[in-house]
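Analysis of the macromolecular model
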Amino acid sequence: MGIGELDREAHVPEGTGAGAAPRTLAEALRARGDEGLAGLLRARPDLLSPVPNDLTQLATRAGTRGSVVRALERLDRFALQTAEALAVAPDPAPYAVLRALLTGDEGDPEIEAALPGAVALLREQALVWGEDDRLRLVRTARELLAPSAQHPSPTGLGPTVAEATAGMSPGRVQEIIATAGLPATHDPVSAVAALTELFTDRARMGALLDEAPPEALAVLDRLVWGPPYGEVTANPAPPVRWLRDRGLLLPVSARTMVLPREVALHLRGGRAHRAPEPVAPVVEAARDYRPQVVDSAAAGQAYAALATVEELLKSWDQGGPQVLRAGGMSVRDLKRTAAALDVTEQLAAFWLELCFGAGLLASDGEADERYAPTPAYDDWLDLPAAERWARLVAPWLVATRVAGLVGGADAKGRTLAALGPDLDRAPAPEVRHRVLELLATLPPGAAADPETVYARLRWERPLRGAGQAGQPRPPQPTGGAGYGSAVGAPARGAAGSDDSTTTGTGHAPGLGTAPDPRTDLRSRLARWTLAEAELLGLTGRGALSAPARALLNLPLAEAATPSDHGGRVELSVAAGRAATLLAPLLPEAVDHVLLQADLTAVAPGPLRRPLADSLSVLADVESKGGATVYRFTPGSVRRALDSGRSASDLHDFLTAHSRTPVPQPLAYLIDDVARKHGHLRIGAASAYVRCDDDAVLGEILADRRSAALGLRRLAPTVLAAQADPASLLDGLRAMGYAPAAESAEGDVLVTRADAYRTPARTAPVPVPDGPPAPDTTLLGAAVKAIRAGDRAATAVRKEPAAPVEAAGGLPRTSAAETLATVQAAAMTGSAVWIGYVNAEGAASQRVIAPVRVEGGFVTGYDHTADEVRTYPLHRITGVAELADDQV
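Residues numbered from 1 in each chain as written. Predicted model: local features only at pLDDT ≥ 70, side-chain atom pairs only at ≥ 80, totals over all residues. Heavy atoms only, no water.

A few points about the overall build of the protein chain
A count of helical and extended segments in the protein chain gives 35 helices and 27 strands. A total of 887 residues make up the protein chain; the buried ones form 49% of that total. When contacts within the protein chain are restricted to residue pairs at least 6 apart in sequence, long-range pairs at least 24 apart make up 67% of them. (Helix = DSSP H or I, 4+ residues; strand = E, 2+ residues; numbered from the N terminus. Buried < 20%, exposed > 50% of the residue type's maximum accessible area, 1.4 Å probe, protein only. Contact = heavy atoms within 4.5 Å.)

Remarks on the pattern of salt bridges
All told, the structure shown has 31 salt bridges when counted by the stated rule. A salt bridge links Asp620 to Arg639; the nearest nitrogen and oxygen atoms lie 2.8 Å apart. With a gap of 19 residues between them, Asp620 in strand β14 (residues 620–623) and Arg639 in helix α29 (residues 634–642) connect regions that are remote in the sequence. Since its relative accessible area comes to 33%, Arg639 is described here as partly exposed. (Salt bridge = Lys/Arg side-chain N within 4 Å of Asp/Glu carboxyl O.)

A word on the pairing of strand β15 (residues 628–631)
Relative to β15, strand β13 (residues 600–603) runs antiparallel, the two sharing four bridges. By the bridge assignment for β15, Ala603 is matched with Thr628. Bridge analysis of β14 against β15 gives three bridges, and the strand direction is antiparallel. Bridged to Ser623 within β15 is Val629. (Pairing = 2+ DSSP bridges.)

Description of the sheet that holds strand β25 (residues 857–862)
In sheet architecture, strand pairing relies on hydrogen bonds along the backbone and comes in two forms, parallel and antiparallel. An order of β26-β25-β24-β23-β27 is seen for the five strands of this open sheet, with the pairing classed as antiparallel. Each end of this open sheet is capped by a strand with a single partner; those strands are β26 (867–872) and β27 (876–881). The sheet shows a mean angle of 45° between the axes of neighbouring strands, direction not considered. Note: strand β23 (residues 832–837) against β27, five bridges, orientation antiparallel. (Axes fitted to C-alpha atoms, helices over the stretch in contact; angles between N-to-C directions.)

Here's the deal with helix α3 (residues 34–43)
Three or more residues of α3 are buried, namely Leu37, Ala38, Gly39, Leu40 and Leu41. For α3, the secondary structure elements touched by its buried residues are α2 (25–30), α4 (55–62), α8 (109–124) and α34 (776–794).

Some words on the environment of Arg274
Turning to its location among the elements, Arg274 is positioned in the loop between α16 (261–267) and β6 (285–288). Classification of Arg274 as partly exposed rests on a relative accessible area of 37%. In this structure, the C-alpha to C-alpha distance between Arg274 and Val224, residues 50 residues apart in sequence, is 9.9 Å.

Focus on helix α12 (residues 188–200)
Along its 13 residues, α12 runs 18 Å from first to last C-alpha, staying within 8% of the 18 Å computed at 1.5 Å per residue. Tucked into the core, α12 has its buried residues touching α10 (161–164), α11 (170–179), α13 (202–210) and α16. Two or three places before Val189, at the start of α12, stands the capping residue Asp187, its side-chain oxygen 3.1 Å from that residue's backbone nitrogen. (Expected span 1.5 Å × (residues − 1). Polar contact = N/O pair within 3.5 Å; in protein donor to acceptor, adjacent residues only side chain to side chain.)

Notes on the packing of helix α17 (residues 291–315) against helix α19 (residues 345–357)
Each pair of packed helices can be summarised by the angle the axes make with each other and by the distance between the axes. For the pair α17 and α19, interaxial distance at closest approach is 10 Å and the crossing angle is 85°. For the element pair α17 / α19, the angle class is roughly perpendicular. Between α17 and α19, the residues in contact are Ala305, Thr308, Val309, Leu312 and Leu313 and Trp351, Leu352, Leu354 and Cys355, respectively. Looking at side-chain class alone, the contact of α17 with α19 contains eight nonpolar, one polar and no charged residues. (Parallel < 35°, antiparallel > 145°, perpendicular 65-115°, else oblique. Nonpolar A, V, L, I, M, F, W, Y, C, P; charged D, E, K, R; others polar.)

Points about the packing of aromatic side chains
For the structure on display, the rule yields three aromatic pairs. Pairing Tyr377 with Trp380 gives two aromatic rings, centres 6.1 Å apart and planes at 25°, and the pair type is stacked. Residue Tyr377 and its partner Trp380 are both found in helix α20 (residues 375–381); the two are separated by three residues, about one turn of the helix. By relative accessible area, Tyr377 is classed as buried at 4%. (Phe/Tyr/Trp six-rings, centres within 6.5 Å; stacked < 30°, edge-to-face > 60°.)

Focus on the packing of helix α28 (residues 609–618) against α29
Taken N-terminus to C-terminus, the directions of α28 and α29 make an angle of 120°; their axes are 7 Å apart at the nearest point. When the axes of α28 and α29 are compared, the pair comes out oblique. On α29, the residues that touch Ser616, Val617 and Leu618 of α28 are Ser636, Val637, Arg639 and Ala640. Classifying every residue of the contact of α28 with α29 by side-chain character gives four nonpolar, two polar and one charged.

Quick word on unusual backbone geometry
Leaving glycine aside, a negative phi is the common case for residues, and trans is the common case for peptide bonds. The residue after Ser49, namely Pro50, is reached through a cis peptide bond having omega -10°. Checked against the element boundaries, Pro50 lands in the loop between α3 and α4. Positioned with a positive phi, Asp342 is a non-glycine residue whose angle comes to about 60°. Along the chain, Asp342 turns up in the loop between α18 (331–341) and α19. Classification of Asp342 as exposed rests on a relative accessible area of 69%. Residue Arg541 is not a glycine yet carries a positive backbone phi of 55°. Of note, Arg541 is situated in the loop between β10 (539–540) and β11 (543–544). The class for Arg541 is partly exposed, based on a relative accessible area of 47%.

Overview of the pairing of strand β24 (residues 843–854)
Pairing of β23 with β24 involves six bridges; the strand directions are antiparallel. Each bridged residue has a counterpart across the sheet, and for Trp833 the counterpart in β24 is Val847. Both β24 and β25 contribute to a ladder of six bridges, which runs antiparallel. Counted as the bridge partner of Glu854 is Phe857 from β25. What sits between β24 and β25 in their antiparallel hairpin is a turn of two residues, with Gly855 showing a positive phi close to 60°.

Things to note about the confidence of the model for the protein chain
Of all residues in the protein chain, 85% have pLDDT values of 70 or greater, and the mean over the chain is 82. Here residues 1–18 is a poorly scored stretch, pLDDT under 50, and it has 26 contacts once near neighbours within four places are set aside; other chains count. pLDDT under 50 marks residues 801–807. Its contacts with residues more than four places away, or in other chains, come to nine contacts. (pLDDT = per-residue confidence, 0-100.)

Things to note about the sheet that holds strand β5 (residues 256–258)
Across the sheet, three strands lie side by side as β3-β5-β4; this open sheet has antiparallel pairing. The open sheet has two free edges, formed respectively by β3 (229–231) and β4 (250–251), since each of these has just one partner strand. One ladder, built from three bridges, connects β3 with β5; its direction is antiparallel. Looking across to β5, one finds that Gly230 is bridged to Met257.

Side note on the side chain of Arg757
Note on placement: Arg757 falls in the loop between β20 (740–741) and α34. Note on Arg757: relative accessible area 18%, which makes it buried. Engagement of the side chain of Arg757 in a polar contact is seen with the side chain of Asp317, the distance being 2.8 Å. A polar atom in the side chain of Arg757 sits 2.9 Å from the side chain of Asp378. Sequence-distant contacts of Arg757, that is, excluding residues within four places in its chain, are made with Asp317, Pro373, Thr374, Pro375, Tyr377 and Asp378.

Encoded structure:
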């Protein structure tokens, strides 16, 4: 709808009272109460950016293509089917006609019960306006949804007889009505009207089809539910000629025929859709478990998630892999990370993105940029386990980054990398919330059937994820070898078949194609959400857990439903409640291990933080599960000695934290490594080796493996090396020795390095899916401003004694006349209409009640802004008094 047309429609004709039927969308909006306007702005927040000046501008914006596309994408399937039916109905359409298009000749109680709600929803969103006897679809929506020569309708219907015969010669039209048994007319318009009347008369149309050959009826059967187009050969078969001669098929081009809409509706029994869906699919349970079993399983998964995150970030304590030039991790580094975690690459990408989204992982921003844990990771480690879990799941719930896309390709065919750009998908938070809410509709302990969840999501947003909005599709070619053998065969890529109503909504021109349930974004997001929720412990065995209900602010009682919960609370508060519920379910940390004679230690549960950190230095993790097994090796013991501990410290540590005696083999291992540790000393000359036992140094020099180190004897107890100290340490250790580094003063160096951390980083900000939903305060202020602006725009002016020049819709008077009028209004306390140009040159019209005029300024109450303002007189273009009934 053009802006000029909306401006014209927005004008209130003289004599249009409050009770008169609206003639335009602007009038329909003007007749709404404040709650109705607030509901429109809440449902379509893009209309608020910026706040419209008046209702005319609001109606104009509500009819723009981009805004209408966004509104249609957020309709559920039945509301969309209602809009599609209105698009193929006469304009305007009585409610009875709309109901007949959806219920057909036989009627349908479910549709009749749901239709008022669908019409009310379309009205609320300003996609439909008018009374029930004159329902009008917004023109832009009609253009998007109605059939045309370029694209079929989502209903599978074709053009009307009048549209299909628009370019036909009058003689050909007369031939058609004559063959159909209709009397000749004097002009093509009446001939088309007579043919339309025949096709819409059920009795006469039935009699005409009774005469049709069976082969002709078969042709109609193939076209009736769409696509309505088919190709013909140069010499069509007799059944096709029979249909063509009577107008039951009309030519679109030399080789293409179309089934007129009126004929298709007769064959369909009056239905616009093959399968209207007035009721949302029900989410069904696949299995039932006791709620306690579900919560226990979810808690186990939550603990495993914490352990995985700790293991991942601990492995990057000294710095992670490099950042690619284009951003993200390389495929090789992702494979290494997956191998270290013993998971698939897709799961590794999920854990990486989870840490990144929680702000625990980031790039360091250096010239040789690498990934590393952030300082927030150290703070996170100090939290109780349940709170650490909440710090992971709360950002995941609102994140727009989608780990499931890793490994796929972007629009240019480039592979999407983990932690890289282009992984944001704005619908992700909405889908995650909705999937979990659908799981919550089942009784506690019930695991949902995933297919029913996907079906429900597709019903609720059938057009979301259907492709790039706003791009018109080219005309659809039609296939078939000709009507003689394959008339009506659906074309390759042809759209509009109403068969899709069983799995989609067909095609919406300008909205993209109907989403494929296997590949559309929302279905994939739903699948990933179910899998990720299980990994995070939000679900257990496929059923929603009690902590997840608290995270979503849903009721926990068995008899409650999601609709019972009150207003939304802050996510951080909800996450705290979820952590409180999860804490008792997590295994309690233990302060001991069980030492075994095979040089292993078994941790019977999660270890307390100081014990876990110390044991991870002294031993290597061999296996994980319900109990973690650590193995002691010469290398791990040497690592503990390098960190500054002595052999006696290690013996005391094991004795204090083991419920079993320290096995003799382990004690011998520690003493043996400690006996050799530090016997050789390496310092910085370039590097040197010193040892009190010159025989050991002679043994090293005689060993062929030391040749690469460039050793030579400087003194009986000192060897010099060409290698640096670190390489010398590694080389001698590889030869089986246990050297220790020393400082310039001769003291043993503790080689434990500080953990590498990035500078302080903030977590990635989610990409919004359109404008944010306005709060109550903003809605109230916006409605008040729009009402005030509308009063100013529609106020009736008093006819001046002398003509008032107007420029650009603003009054224009001389400076003397302006000053006199506002002074008189200030004395009498009346309101006036002014034109005003601000410092930026923007012109507007306002209704003010002047209270003071002095110093070149007028101060008064601005009805448009609903506040007292001061205006320079030289910026007022003109002034006019209001009619007495407007004051």
